Amino acid sequence: MSKNWRPATQLVHGGTTRSNHGETSEAIFLTQGFVYDSSEAAEARFKGETDGFIYARYGSPTNDMFEQRMCMLEGAEDARATASGMAAVSAAILCQLKAGDHIVAARALFGSCRWVVETLAPKYGIECTLIDGRFLENWEKAVKPNTKVFFLESPTNPTLEVVDIAGVARIANAIGAKVVVDNVFATPLLQKPLELGAHIVVYSATKHIDGQGRCLGGVILSDKEWINEHLHDYFRHTGPALSPFNAWTLLKGIETLPLRVRQQSENASRVADFLAEQPQVARVIYPGRKDHPQADIISRQMKGGSTLVCFELKGGKEAAFALQNALDVVLISNNLGDSKSLITHPATTTHKNLSEEARAELGISPGTVRFSAGIEDSEDLIEDFARALKTIRA
């Protein structure tokens, strides 16, 4: 397979293997195990002397196609597909740490991601320091002799803060730590963390990669050495493997990823500009706008804005609920990256388990709303918001 293909071609053809039937669409190998020609062949495969699959928990032909396709898109040497995005996050962090190690993490994280580093890891003797990741000096100050991992999202959920990935990677490299980036909000089309110096990238493939509300999935991407040394055994023995059926669903979804992300980003940009002019809206945060606080970093590390918009209503929770309840085209859901436009109130959903003080630190107020743009006609979305905003006092 050519590695010089452009993304749209990679995502239709990359990593495809066909059976002797010559099927057009990728086949689903919905099997738990595999048969060997002889006892000697089984022994050789378990020893690693011959190539081939052993057990679906370790890998399958369908999962392998999805992993190869993601590697081509991301520019990674190797990947492992997982049952969900959080399985990917947990595995990527925990597989390389032991008791006595230290994580530095940006505090602006999805609620479950923050729980992994702030609550779960310390149960196993792994320290964690949460910082405001927007400022490189905070990463430097948080470093300890036992720091092994830097973890961040960029843009962040839900306030779309941006972290200087290249800057964080330079600090990590100086101390021999690994940078793990959750790249869900940018997608691999708008930002490539490995090219910026990150060592490991994780995705919830549930989001844009499937992007049609059908299945869960995740993926971890890095170089072969790191995956063989840290992730391989963890993955085999703890069992976060992706179902082959879900791998096939993700393969079909990823074919249209460039088309969907392009339309979603255009819609998000138009809705953001519209909302910024409305008297009921206190502020709008969108990486494609010049008034984003970190527009200079965005111009260096992202190829576009995002499919998401964060905005704050002046009327707090009451206004946020009124707006959401009045929308017709836009659906209330805590998911994102879908072909359907979705909206959620982070303080009462995705980030409800954080304290009020922690939410305030992250810029999540009672009036904060997160909008995930779909592929609908942008005029219908704007008209939907215009009508819904009329139910709220300016």
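Quick caveat: nothing in here was measured; it's all calculated off a predicted structure.

What counts, and at which threshold
Residues numbered from 1 in each chain as written. Predicted model: local features only at pLDDT ≥ 70, side-chain atom pairs only at ≥ 80, totals over all residues. Heavy atoms only, no water. Salt bridge = Lys/Arg side-chain N within 4 Å of Asp/Glu carboxyl O. Buried < 20%, exposed > 50% of the residue type's maximum accessible area, 1.4 Å probe, protein only. Helix = DSSP H or I, 4+ residues; strand = E, 2+ residues; numbered from the N terminus. UniProt positions renumbered as here; feature names shortened; annotations may be inferred. Contact = heavy atoms within 4.5 Å. Domains from an automatic or database assignment. Buried area = accessible area lost by both parts, 1.4 Å probe. Polar contact = N/O pair within 3.5 Å; in protein donor to acceptor, adjacent residues only side chain to side chain. Nonpolar A, V, L, I, M, F, W, Y, C, P; charged D, E, K, R; others polar. Pairing = 2+ DSSP bridges. Axes fitted to C-alpha atoms, helices over the stretch in contact; angles between N-to-C directions. Left-handed = near helix turned anticlockwise from the far one by under 90°.

**Student:** Got a minute to help me understand the pattern of salt bridges in this structure?
**Tutor:** Proximity of charged atoms lets side chains of opposite charge pair with each other. According to the stated counting rule, one finds 19 salt bridges in the structure shown. A salt bridge links Lys98 to Asp101; its shortest N-O distance comes to 3.3 Å. When its relative accessible area of 53% is taken as the criterion, Lys98 is described as exposed. As a salt-bridge pair, Lys144 and Glu127 come within 2.9 Å of each other at their nearest N and O atoms. Of the two residues, Lys144 is situated in the loop between α6 (136-142) and β4 (147-153) and Glu127 in strand β3 (residues 127-131); the sequence distance between them amounts to 17 residues. By relative accessible area, Lys144 is classed as partly exposed at 34%. Residue class for Glu127 comes out partly exposed when judged on its relative accessible area of 34%. When salt bridges with common partners are traced through the structure, they connect Arg107, Asp132, Arg134, Glu161 and Glu361 into a single cluster.

**Student:** Which parts of the structure should I look at to understand the UniProt feature "modified residue: N6-(pyridoxal phosphate)lysine" (unreviewed entry) in the protein chain?
**Tutor:** According to UniProt, the feature "modified residue: N6-(pyridoxal phosphate)lysine" (unreviewed entry) maps to Lys207 in the numbering used here. The topology assignment puts Lys207 in helix α9 (residues 206-210). Exposure remark for Lys207: the relative accessible area of 18% places this residue in the buried category. Excluding residues within four positions of it along the chain, Lys207 makes contact with Val184, Asn335, Leu336 and Gly337.

**Student:** Explanation requested: the domain arrangement of the protein chain in the structure shown.
**Tutor:** Interface size is often expressed as the accessible area that is lost when the parts come together. When cut into domains, the protein chain gives domain 1 (7-253) and domain 2 (256-390). On the domain 2 side, the residues contacting the 42 residues of domain 1 number 40 residues. Between domain 1 and domain 2 lies a buried interface of about 3200 Å² when both sides are counted; carbon and sulfur atoms form 61% of it. A per-residue breakdown of the area domain 1 buries against domain 2 is headed by Leu160, Leu190 and His208, which together make up 21% of the total. Taken together, the links from domain 1 to domain 2 amount to 2 salt bridges. As a salt-bridge pair, Asp164 and Arg300 come within 3.4 Å of each other at their nearest N and O atoms. For the pair domain 1 and domain 2, the interface holds 19 residue pairs in polar contact (both at pLDDT 80 or more). Taken together, the elements giving at least two residues each to the side of domain 1 that touches domain 2 come down to α1 (7-13), α5 (111-123), α7 (165-175), α8 (187-190), α9 and α11 (244-254). Sorting elements by how many residues they give to the side of domain 1 that touches domain 2 places α9 first, with 5 residues. Counted by class, the side of domain 1 that touches domain 2 contains 21 nonpolar, 12 polar and 9 charged residues.

**Student:** Before we go on, may I ask you to explain the sheet that holds strand β5 (residues 178-182) in this structure?
**Tutor:** Strand pairing within a sheet occurs via backbone hydrogen bonds; the two strands may be parallel or antiparallel. Reading across from one edge, β1-β7-β6-β5-β4-β2-β3 is the order of the 7 strands in this open sheet, with mixed pairing throughout. Of all the strands in the sheet, the pair left with one neighbour each is β1 (78-82) and β3. Each adjacent strand pair in this sheet contributes to an overall mean axis angle of 20°, direction not counted. The pairing of β1 with strand β7 (residues 218-222) spans 5 bridges and is classified as antiparallel. Within the sheet, the bridge partner assigned to Thr82 lies in β7 and is Gly218. The strands that α7 touches are β4 and β5; relative to β4, the one it contacts most, it runs at about 170°.

**Student:** Is there a simple way to explain the packing of helix α4 (residues 85-94) against α5 in this structure?
**Tutor:** Helix-helix packing is described using two parameters, namely the angle between the two axes and the distance between the axes. Axis separation between α4 and α5 bottoms out at 10 Å; the angle between their running directions is 35°. Two packed elements cross with a definite hand, and for α4 against α5 that hand is right-handed. On α5, the residues that touch Met86, Val89, Ser90, Ile93 and Leu94 of α4 are Ser112, Cys113, Val116, Val117 and Leu120. Here the contact of α4 with α5 is built from residues that sort into 8 nonpolar, 2 polar and no charged.

**Student:** Looking at this structure, I do not really get the environment of Gln96. What am I missing?
**Tutor:** By the element assignment, Gln96 lies in the loop between α4 and β2 (102-106). Contact partners of Gln96, with chain neighbours within four places excluded, come to Asp101, Val149, Lys178, Val180, Ile200, Trp226 and His230. At 3.3 Å, the side chain of Gln96 and the side chain of Trp226 are in polar contact.

**Student:** What exactly am I supposed to notice about the environment of Pro158 here?
**Tutor:** Along the chain, Pro158 turns up in the loop between β4 and α7. You can call Pro158 buried: its relative accessible area is 1%. For the pair Pro158 and Thr344, spaced 186 residues apart in the sequence, the C-alpha separation amounts to 9.7 Å.

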